[in-house]
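So the chains spell out like this:
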Amino acid sequence: MAAVSCLLSEDQFRCSICLDVFTDPVSTPCGHNFCKNCITAHWNTNYKSQCPLCKELFAKKPHLKVNTLFSGMVAQFRQSTQQKASSSSSKQQVSKPGNVSCDICTGTKLKALKSCLVCLVSYCETHLEPHLTVSGLKRHQLIDPVENLEVRMCTKHNKPLELFCKTDQMCVCTHCPALDHKTHEFVPLKDEYEEKKIELGKTEAEIQQMIQKRRLKIQEIKQSLKRGKENAHMEVAEGVQVFTDLKKTVERGLNELIKTIEEKQKMTQKQAEGFIKELEQEISELTKRRTEVEQVSHSEDHLYLLQSFPFLIAAPPTKDWTGVSVPPPSYEGTVVRALVQLEETLSEQMKKLLAEAELKRVQQYAVEVTLDPDTAHPELVLSRDGKQVKHGDVKKNLPDYPKRFSHYNFVLGRQSFSSGRFYFQVQVKGKPKWNLGVARESIYRKGLIKMTPEEGYWTIWLRNGNEYKAFANPSVRLSLKSRPQKVGMFVDYEEGLVSFYDVDTAALIYSFTGCSFTEKLFPFFSPCTNDSGNNATPLTISPVNQTT
């Protein structure tokens with residue numbers, strides 16, 4: 001029997017219905033072999049007795065019995081196959097978590113090599129062999145191993161899902177178009193797969209872009225956090241410096257108070273020590289006279305006593321100490337006066353610190369400003385870098401652009417601002433005359449100009465070296481403690497605020513408040529006339545140094 005089984009091909013030991021090795025093989029009257037359960041179930045399902053292979057129809061369902069001879073051959077073949085599978089399985093990978101397991105393996109499950117979309121079974125290398133050798137099985141569609149093969153079958157028609165209904169956006173079998181999806185548009189799964197793959201590629205690119213944006217946002221937040229920490233350290237350092245200075249001021253006030261009290265005490269002590277020294281000197285003189293009087297009064301020499309008497313009878317010259325006293329010094333009001341002085345000093349210092357903090361706050365909005373030569377009056381001379389302007393005495397022949405000033409020695413900055421905050425500063429050192437500020441875009445430039453906010457100007461000026469004025473309506477004469485060498489200008493567009501600062505002292509010069517800005521604002525400059533060289537120094541747009 002062993003010899004016979006060796007001569008038979010492997011296909012002859014497999015049921016054409018279950019495709020597995022025969023179990024209880026039976027033979028139909030037409031001579032074909034099947035598993036007893038497989039052929040019985042087939043006839044029960046189809047309600048007619050017909051051979052699945054040759055299609056011969058039997059009038060009466062045959063009474064089938066197990067072919068004992070063939071069953072023994074199958075048993076021997078199965079044993080041989082299991083030995084071969086055991087030998088082969090030692091070379092194959094055992095299925096691990098996350099792998100697709102072979103559905104046929106019993107005992108130790110091997111890793112599936114392929115899944116069959118027709119059989120809805122996953123096979124290891126050994127159990128896949130029939131699909132590679134049996135002609136009927138070669139037509140089955142094999143794919144890389146996947147789980148849940150049943151979801152690839154149409155639940156209604158029990159057929160593989162091979163088409164895609166574009167109307168309903170779902171996978172269907174070949175029976176669905178004729179039954180449930182009439183007039184719908186269908187394409188093969190592969191075509192829809194390619195189309196969806198392209199869409200997924202775009203989605204992947206979009207997601208990658210979103211990821212990149214979020215990574216950039218993370219970097220932005222980290223940079224912001226880093227700047228925040230740096231700013232915190234700077235603020236702490238500045239706070240330590242400020243409070244250290246205030247502490248020193250208080251300590252100086254305390255030291256001056258102690259010094260004042262000590263000086264009063266020393267003066268009293270010096271006076272008392274002078275009196276004591278003088279009194280001790282008189283006591284010494286009186287003691288000496290008393291000794292002399294005592295010696296003479298005990299003398300038995302009549303002549304000596306009488307001759308010494310006129311000299312001894314008069315006491316030595318002394319001071320009248322009746323009205324002399326050394327009262328303790330009065331310190332009443334000393335501490336109060338020291339506190340008043342300290343308060344005044346701290347108040348001045350606080351004002352200065354607040355002014356410096358305010359200037360530093362607005363300086364963080366510093367912007368780059370350069371002069372626009374197309375707006376400059378023909379008598380003005382601008383530097384190549386656009387940072388300086390002075391009066392040149394000679395009127396140049398320049399194109400009369402609509403935006404050029406033709407009557408006054410004015411020039412605007414190139415940069416305009418229509419929102420937010422901005423700050424710039426100009427050095428005015430050595431100039432007895434100048435105009436500075438901001439102006440709106442629509443100002444009149446070709447004739448006489450009234451420099452008021454209503455006409456679009458927010459400016460201050462200097463005349464005669466010490467006459468400062470803000471061109472409000474009416475104009476305001478300014479009283480400054482010191483002559484600014486550098487003027488800072490700050491604008492808050494939304495708040496309607498234009499402020500001018502003395503950069504060196506951090507003092508506020510003047511503020512225009514409650515302004516209504518509705519168009520672009522430009523930095524405004526006027527070096528005024530040369531005045532025979534007395535006002536030849538240029539206005540210079542200077543860089544902002546926040547430590548200034």
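Cut-offs used in this document
- For every chain, the first residue of the written sequence is number 1, and numbering continues from 1 along that sequence.
- Since the coordinates come from a predicted model, pLDDT governs what is reported: local features require at least 70, and pairs of side-chain atoms require 80 or more to be given and counted, while whole-chain, interface and lining totals use all residues.
- Processing note: side-chain calculations cover all non-hydrogen atoms of the structure and skip hydrogens and water entirely.
- Here the aromatic set is Phe, Tyr and Trp, taking the six-membered ring for Trp, and pairing holds for ring centres within 6.5 Å; pairs whose planes are under 30 degrees apart are stacked, those over 60 apart are edge-to-face, and all others are tilted.
- Only DSSP runs of H or I covering at least 4 residues are called helices, and only runs of E covering at least 2 are called strands; the numbering of each starts at the N terminus.
- Relative accessibility thresholds used throughout: buried, under 20% of the residue-type maximum; exposed, over 50%; partly exposed, between the two (1.4 Å probe, protein chains only).
- Counted as over-ring charges are cases with an Arg CZ or a Lys NZ within 6 Å of the ring centre that also lie within 35 degrees of the ring normal.
- Angles here are taken between N-to-C directions and fall from 0 to 180 degrees, while the axes themselves are lines fitted to C-alpha atoms, restricted in helices to the stretch in contact.
- An angle counts as roughly parallel when it lies under 35 degrees, as roughly antiparallel when it exceeds 145, as roughly perpendicular when it falls between 65 and 115, and as oblique in every other case.
- Should the near helix be turned anticlockwise from the far one by less than a right angle, the crossing is termed left-handed; should it be turned clockwise, right-handed.
- Residue contacts are defined here by distance: any two heavy atoms, one from each residue, within 4.5 Å place the two residues in contact.
- Pairing between strands is defined by DSSP: at least two bridges between them are needed.
- Charge counting follows a simple rule: Lys and Arg are positive, Asp and Glu are negative, and His as well as the terminal groups are ignored.
- By definition, a salt bridge exists where a carboxyl oxygen of Asp or Glu is found within 4 Å of a side-chain nitrogen of Lys or Arg.
- Polar contacts, as used here, are pairs of N or O atoms within 3.5 Å; protein pairs need one atom able to donate a hydrogen and one able to accept it. Residues neighboring in sequence count only if both atoms are side-chain atoms.
- Just so you know the grouping, Ala, Val, Leu, Ile, Met, Phe, Trp, Tyr, Cys and Pro go in nonpolar, Asp, Glu, Lys and Arg go in charged, and all remaining residues, Gly too, go in polar.
- Candidates for patches are residues over 30% relative accessible area with no salt bridge; among them, like charges are joined within 9 Å and nonpolar side chains (Val, Leu, Ile, Met, Phe, Trp, Tyr) within 5 Å.
- The protein chains shown are the only cover counted for residues, whose accessible areas, like all others here, come from Shrake-Rupley with a 1.4 Å probe.
- Per-residue confidence from the prediction method is given by pLDDT, with values spanning 0 to 100.
- In this text, buried Ala, Val, Leu, Ile, Met, Phe, Trp, Tyr and Cys residues form a nonpolar core when linked through side-chain atoms within 4.5 Å.

Colleague: Can you tell me about the packing of aromatic side chains, naming the residues and giving the values?
Modeller: Counted by the stated rule, this structure contains 19 aromatic pairs. For the ring pair Y493 and F517, a centre distance of 5.4 Å and an interplane angle of 45° mean the geometry is tilted. Within this pair, whereas Y493 is found in the loop between strand 17 (486-492) and strand 18 (497-502), its partner F517 is found in the loop between strand 19 (507-512) and strand 20 (521-526), the two being separated by 24 residues in sequence. Pair check on accessibility: Y493 and F517 agree, each one buried. An aromatic cluster of at least three residues, connected via ring pairs, comprises F405, Y408, F410, Y457 and F524. Over the aromatic face of W321 sits the side chain of K319, whose NZ or CZ is 4.7 Å from the ring centroid.

Colleague: Can you break down the packing of helix 7 (residues 189-297) against helix 9 (residues 334-363) residue by residue, with the values?
Modeller: For the pair helix 7 and helix 9, interaxial distance at closest approach is 10 Å and the crossing angle is 160°. On the basis of the axis angle, helix 7 is roughly antiparallel to helix 9. Judged by the twist between their axes, the crossing of helix 7 over helix 9 is right-handed. Side by side, helix 7 and helix 9 meet where E235, E238, V242, D245, L246, T249, V250, L257, T260, I261 and K264 of the first sit next to T334, V335, R337, A338, L342, T345, L346, Q349, M350, L353 and K360 of the second.

Colleague: Summarise the pairing of strand 15 (residues 467-470); cite the residues concerned and give the values.
Modeller: The pairing of strand 14 (residues 457-463) with strand 15 spans 4 bridges and is antiparallel. Within the sheet, the bridge partner assigned to R463 lies in strand 15 and is E467. Hairpin connection from strand 14 to strand 15: 3 residues lie between these consecutive antiparallel strands, with N464 at a positive phi of about 60°. Where strand 15 and strand 16 (residues 476-478) come together, 3 bridges link them in antiparallel fashion.

Colleague: Can you tell me about the side chain of R445, naming the residues and giving the values?
Modeller: Tracing the backbone shows R445 in the loop between strand 13 (434-440) and strand 14. No salt bridge is formed by the buried R445; the nearest opposite charge belongs to E441, separated by 6.1 Å. Looking at R445, its side chain comes within polar contact range of the main-chain oxygen of E441, at 2.9 Å. Not counting chain neighbours up to four residues away, the residues in contact with R445 comprise T375, P402, K403, R404, F405, S406, H407 and L412.

Colleague: Give a detailed account of the packing of helix 7 against helix 8 (residues 302-313), specifying residues and quantitative values.
Modeller: Two numbers describe how helix 7 lies on helix 8: the axes approach to 10 Å, and their chain directions differ by 155°. With respect to their mutual orientation, helix 7 and helix 8 come out roughly antiparallel. In this structure, helix 7 meets helix 8 at a crossing whose hand is left-handed. When helix 7 is examined against helix 8, the residues R289, E292, V293, V296 and S297 are found in contact with a partner set consisting of Y304, L305, S308, F311 and L312. Of the residues belonging to the contact of helix 7 with helix 8, the class tally is 6 nonpolar, 2 polar and 2 charged.

Colleague: Residues and numbers for a nonpolar patch on the surface, please.
Modeller: Together, I207, M210 and I211 make up a nonpolar patch on the protein surface, roughly 240 Å² of accessible area in all. Counting through the fold element by element, I207 comes out in helix 7. Residue class for I207 comes out partly exposed when judged on its relative accessible area of 43%.

Colleague: Could you give an account of unusual backbone geometry, with specific residues and numbers?
Modeller: Looking along the chain, the bond that leaves N473 and enters P474 is cis, with omega of 5°. In this fold, P474 is placed in the loop between strand 15 and strand 16. Positive phi is not limited to glycine here, since Q169 has a value of about 55°. Counting through the fold element by element, Q169 comes out in the loop between strand 6 (163-165) and strand 7 (170-172). The residue S532 is not glycine, and still its phi comes out positive at about 55°. Structurally, S532 can be placed in the loop between strand 20 and strand 21 (539-542).

Colleague: Explain the side chain of H377 residue by residue, including any values.
Modeller: Within the secondary structure, H377 sits in the loop between helix 9 and strand 9 (380-382). Overall, the relative accessible area of 4% leaves H377 in the buried class. Polar contacts involving the side chain of H377 include one to the main-chain carbonyl oxygen of S406, which spans 3.4 Å.

Colleague: So what's going on with the confidence of the model for the protein? Which residues, and what values?
Modeller: Of the residues in the protein, 95% have a pLDDT of 70 or more, and the chain-wide mean is 88. Note on residues 1-7: pLDDT under 50 across the span, and 9 contacts to partners over four residues away in sequence or across chains.

Colleague: Tell me about the nonpolar core, and please be specific about residues and values.
Modeller: Within the largest apolar cluster, 36 residues are counted, with the highest numbers of intra-cluster contacts made by W434, L436, V487, F512 and F525. With residues up to four places along the chain from it excluded, the contact list for F512 reads P453, W458, T459, A470, F471, A472, G496, L497, V498 and F500. Listed in part, the 17 residues of the second largest apolar core include V21, I39, L64 and M73.

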